[in-house]
Amino acid sequence: MATRAVRGYRTISRDAACLLAGSVPWDLDTRALADVEWVDRKKGALSFRLTQVLTGHGCFGRYLCEIVGREETTRCHHCDDERDTAAHTLTACPSWTRQRAALTTAIGPDLSLPALVSVMLTSEQKSDVEKFTEEIISNKEQAERDRGRRALDPLRPRRRVIRNDNLPP
Ligand SMILES: [Zn+2]
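Overview of the structure.

### Quick look at the overall build of the protein chain
Part 1 of the argument: The secondary structure content of the protein chain amounts to 9 helices and 0 strands.
Part 2 of the argument: Ordering the α and β elements of the protein chain from the N terminus gives α-α-α-α-α-α-α-α-α.
Part 3 of the argument: Relative to its full complement of 169 residues, the protein chain shows a buried share of 20%.

Below you can see the structure in the form of structure tokens.
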């Protein structure tokens with residue numbers, strides 16, 4: 001790949017091609033990445049729900065509205081806050097007060113994403129973080145499924161759609 005990037009003959013050494021292309025040789029890059037704490041962690045992989053919390057791509061109003069277009073608003077269905085995000089779910093939503101209290105008792109008051117990652121990497125409380133995210137996100141997923149079923153219910157009153165085709169483009 002580096003040889004192609006510099007448009008050199010294939011007889012150029014890989015290291016020379018990487019140097020000319022300005023890229024780190026892959027074997028060195030791989031070793032450097034393996035030395036990074038997160039990659040070299042000793043305990044478990046990320047769960048599906050924990051990844052949702054860490055990325056914000058999951059069962060959050062903001063993601064469902066702005067990224068995938070499955071919701072009409074970004075509001076939280078559990079407290080009516082205008083913007084449901086991973087941070088809102090972790091730190092503010094009153095629906096998860098009991099779960100949040102259990103987690104802060106175990107790991108301390110800081111529930112920011114950097115703090116959670118630090119806890120997961122350096123302490124035995126990783127399972128507390130996983131338990132917290134599993135419980136909350138599974139509840140949010142169930143609520144989303146319930147909303148979807150209600151939307152498909154033929155006995156459910158339909159919203160009246162107001163169309164105005166006479167508006168100028
Ligand atoms: Zn909320």
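Alright, that's what it looks like, and here's the rest.
### Concerning the nonpolar core
Part 1 of the argument: Formed by 20 residues in total, the largest nonpolar core has its most connected members in Val53, Phe60, Val119 and Val129.
Part 2 of the argument: Those elements that provide at least two residues to this core are helix 4 (48–55), helix 5 (61–67), helix 6 (86–91), helix 7 (97–107), helix 8 (113–122) and helix 9 (126–152).
Part 3 of the argument: Ranked by the residues each element gives to this core, the list is headed by helix 9, at 4 residues.
Part 4 of the argument: In contact with Phe60, other than residues within four places in its own chain, are Asp84, Thr85, Ala86 and Thr89.

### A short note on helix 8
Part 1 of the argument: Within helix 8, the full set of buried residues consists of Leu116, Val119 and Met120. Down the axis of helix 8, the smallest arc covering the buried residues is 95°, so these residues share one side. Among the exposed residues of helix 8, those pointing more than 90 degrees away from its buried face are Pro114 and Thr122.

### Description of helix 4
Part 1 of the argument: Those residues of helix 4 lying buried are Arg49, Leu50, Gln52 and Val53. Projection of helix 4 onto a plane perpendicular to its axis shows the buried side chains occupying an angular sector of 155°, all on one side.
Part 2 of the argument: Where helix 4 is buried, its residues contact helix 6 and helix 9.
Part 3 of the argument: Backbone geometry just after helix 4 places Gly56 at a positive phi near 80°.

### With respect to the packing of helix 7 against helix 9
Two quantities define a packed helix pair, namely the angle between the helix axes and the distance between the axes.
Part 1 of the argument: Contact pair helix 7 / helix 9: the axes reach a minimum separation of 10 Å and the direction vectors enclose 170°. Of the possible angle classes, the one that applies to helix 7 and helix 9 is roughly antiparallel. Here Gln99, Leu103, Ala106 and Ile107 of helix 7 lie close against helix 9, whose contacting residues are Asp128, Val129, Phe132, Glu135 and Ile136.
Part 2 of the argument: Classifying every residue of the contact of helix 7 with helix 9 by side-chain character gives 6 nonpolar, 1 polar and 2 charged.

### So, unusual backbone geometry
Most peptide bonds take the trans configuration, and most residues that are not glycine carry a negative phi.
Part 1 of the argument: Of note in the backbone geometry, Asp80 takes a positive phi value of approximately 65° without being a glycine.
Part 2 of the argument: Tracing the backbone shows Asp80 in the loop between helix 5 and helix 6.
Part 3 of the argument: Judged by local crowding, Asp80 falls into the exposed class, with 8 C-beta atoms found within 10 Å.

Calculation criteria
- Residues numbered from 1 in each chain as written.
- Predicted model: local features only at pLDDT ≥ 70, side-chain atom pairs only at ≥ 80, totals over all residues.
- Helix = DSSP H or I, 4+ residues; strand = E, 2+ residues; numbered from the N terminus.
- Buried ≥ 20, exposed ≤ 12 C-beta atoms within 10 Å, placed from the backbone.
- Core = buried A, V, L, I, M, F, W, Y, C linked by C-beta atoms within 7 Å.
- Contact = placed C-beta atoms within 7 Å.
- Arc of directions from axis to C-beta.
- Axes fitted to C-alpha atoms, helices over the stretch in contact; angles between N-to-C directions.
- Parallel < 35°, antiparallel > 145°, perpendicular 65-115°, else oblique.
- Nonpolar A, V, L, I, M, F, W, Y, C, P; charged D, E, K, R; others polar.

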